[in-house]
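# Structural overview
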Amino acid sequence: MSESFLPYGRHWVDEDDIAAVAACLRGDWLTTGPAVEAFEAAFAEVVGARYAVVVSNGTVALHLAALAAQVGANDIGLAPTMSFLASANGMRYTGAEIAFADADPDTGLVTPDTFQAAIKRAAGPVKMAVVVHLNGNPVDMPEIARIASEHDIVLVEDACHALGSTYRNETGAAVKVGSCQHSAMTVFSLHPVKTITMGEGGVIATNNPVLHERLKLLRSHGMVRGAEKIVNRDLAFARSGDANPWYYEMQELGFNFRAPDFACVLAHSQLKKLSMFAERRTQLKEIYDRHFGDVGELVKPLRIETSAEPVLHLYPLLIDFTALGKERARVMADLRELGIGTQVHYIPIHRQPYYVEHSGAVDLPGADSYYAKALSIPYYPLMTDQDAERVVRALRSVLGINS
Ligand SMILES: *Cc1c(COP(=O)(O)O)cnc(C)c1O
């Protein structure tokens, strides 16, 4: 019997998502229409933030967050090295220098200690810091926020993996990732491998009305309209005193980072299924945890702090390939033969030639250790329990582990 290939991650788009997008395409607005604000309002409500701003992808969302925080060429931005490139690049686009923070070798997460160390190591004061809830597993936000505020750092959460995750605050109350209880802004990606999708898309959540205004302004060319904000009043108004209806003004360099209406309609439809997706992800996590929880030191599931209730985006195993005497590339090829897709998340960003050249070499051993062991196995809500059992059997046979 030939079995279907199981990739490491996959979107789930249903007929009702397709019908919603088709209805939008038949309507009057393909972009800058009512679907944008409708989705933003729904998203803000779901994550528990005052505002949400939708943009064309998650990378742009990180760039826009840095622009809104007024990060620029003379500033230093702190980024996690154990993340996707965009966690650093978003700040780098503004010209800021990047200082990298190391990761806990068992979780890949920035910790209060590695955060402190990166601030100390930086060549000057850090203006903005990005921390990533890698795999959907939240970083220690209360403590990291405390350190950030001591140093006057604008803290931004990269929650591209963590839509639906919660953690606990200082009083033990559950906090939704995206509610920005401990940060200025929280950034999400809605790329097809993420928890919900809009094809390409990103969202920035914030509770701060000034940041909200700046995010919207810079998303669309920095174009200002409206009498009270105009600088050149002689161009903006007729002699009669009436406003010239065509008039717009650019006071700051902005971009076109907008998302189209039909993509927002898809995201809005997907958002309604978030709790179903989250529940299914948790069920699959339990199957994997049951099988990999006590295999021993050489193959371990991710450590989750007991105070966090994550909705995992990826399911990584930490495999000691050296001790097992197996090469990771060989293991991946053998699994592929069995129809199992895997991926490595991520190559530490500080190891990228661009950043070695630009920011100089640094020694971040926690991230190197995590990177050496990480392997993401198939994990997405469309998988059946049988699919997950098949992944377990394949891994047992390829890694030569029993029990
Ligand atoms: C996916 C991702 C991004 C970038 O999002 P895009 O929508 O692909 O641009 C940024 N950070 C992390 C951690 C991601 O996983």
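Residues numbered from 1 in each chain as written. Predicted model: local features only at pLDDT ≥ 70, side-chain atom pairs only at ≥ 80, totals over all residues. Heavy atoms only, no water.

With that out of the way, let us pick up the packing of helix α10 (residues 274–292) against helix α15 (residues 385–399). Running from N to C, α10 and α15 cross one another at 30°; their axes reach a closest spacing of 10 Å. Judged by the angle between their axes, α10 and α15 are roughly parallel. Considering only the axes of α10 and α15, their crossing is right-handed. On α15, the residues that touch Arg280, Leu284, Ile287, Tyr288, Arg290, His291 and Phe292 of α10 are Asp385, Ala388, Glu389, Val391, Val392, Leu395 and Arg396. Considering only residue class, the contact of α10 with α15 consists of 8 nonpolar, 1 polar and 5 charged. (Axes fitted to C-alpha atoms, helices over the stretch in contact; angles between N-to-C directions. Helix = DSSP H or I, 4+ residues; strand = E, 2+ residues; numbered from the N terminus. Parallel < 35°, antiparallel > 145°, perpendicular 65-115°, else oblique. Left-handed = near helix turned anticlockwise from the far one by under 90°. Contact = heavy atoms within 4.5 Å. Nonpolar A, V, L, I, M, F, W, Y, C, P; charged D, E, K, R; others polar.)

Under the definition given, this model contains 1 cavity of 30 Å³ or more. For the largest cavity, the calculated volume is near 60 Å³. Along the walls of the largest cavity sit Arg10, His11, Trp12, Pro192, Lys194, Thr195, Ile196, Thr197, Gln270, Phe277, Arg281 and Pro381, which together make up its complete lining. Of the residues in the lining of the largest cavity, the class split is 5 nonpolar, 4 polar and 3 charged. Each of domain 1 (15–223 + 251–273) and domain 2 (275–399) contributes no fewer than three residues to the lining of the largest cavity. (1 Å grid on protein atoms, 1.4 Å probe; cavity = no way out; pocket = protein on both sides within 12 Å on 5 of 7 lines; lining within 4 Å. Points joined across faces, edges and corners; volume = space filled by probe spheres on them. Domains from an automatic or database assignment.)

By the element assignment, Thr111 lies in the loop between β3 (97–101) and α5 (112–121). Sequence separation between Thr111 and Ala23 is 88 residues, and the spatial gap between their C-alpha atoms is 46 Å. Contact partners of Thr111, with chain neighbours within four places excluded, come to Asp104 and Ile144.

A few words now on the side chain of Asn169. Relative to the helices and strands, Asn169 resides in the loop between β6 (166–168) and β7 (174–176). When its relative accessible area of 14% is taken as the criterion, Asn169 is described as buried. Engagement of the side chain of Asn169 in a polar contact is seen with the side chain of Thr171, the distance being 2.9 Å. Discounting chain neighbours no more than four positions away, the residues touching Asn169 are Pro142, Val175, Gln181 and His182. (Buried < 20%, exposed > 50% of the residue type's maximum accessible area, 1.4 Å probe, protein only. Polar contact = N/O pair within 3.5 Å; in protein donor to acceptor, adjacent residues only side chain to side chain.)

A few words now on the layout of surface pockets. When its volume is computed, the largest pocket comes out at roughly 390 Å³. If you trace the largest pocket, you find 24 residues lining it, with Phe84, Ser189, His191, Lys194 and Tyr346 closest to the centre. Residue assignment for the lining of the largest pocket shows that the elements contributing at least two residues are α3 (58–68) and α4 (86–92). With 3 residues, α3 is the largest single contributor of residues to the lining of the largest pocket. Both domain 1 (15–223 + 251–273) and domain 2 (275–399) contribute no fewer than three residues apiece to the lining of the largest pocket. Of the pockets and cavities examined, the second largest pocket occupies roughly 340 Å³. Around the second largest pocket, the lining residues are Glu213, Lys216, Leu217, Ser220, Met223, Val224, Arg225, Lys229 and Gln251. If you list the elements that add at least two residues to the lining of the second largest pocket, you get α7 (209–219) and β10 (223–224). The greatest single-element share of the lining of the second largest pocket, amounting to 3 residues, is contributed by α7. Broken down by class, the residue content of the lining of the second largest pocket amounts to 3 nonpolar, 2 polar and 4 charged.

Surveying the vicinity of the ligand reveals 16 residues, the closest of which are Gly58, Thr59, His161, Ser189 and Lys194. One of the side-chain N or O atoms of His161 is found 2.8 Å from an oxygen atom in the ligand. Within the side chain of Tyr346, an N or O atom sits 3.4 Å from an oxygen atom of the ligand. Burial of the ligand by the protein chains amounts to 93% of its free accessible area of 380 Å². Here the ligand is seated within the largest pocket. Listed by contribution, the elements that provide at least two residues to the shell around the ligand are α3 and α4. (Near = heavy atom within 4 Å. Areas by Shrake-Rupley, 256 points an atom, 1.4 Å probe, with all protein chains shown as cover. Sits in = over half its atoms within 2 Å of the grid points.)

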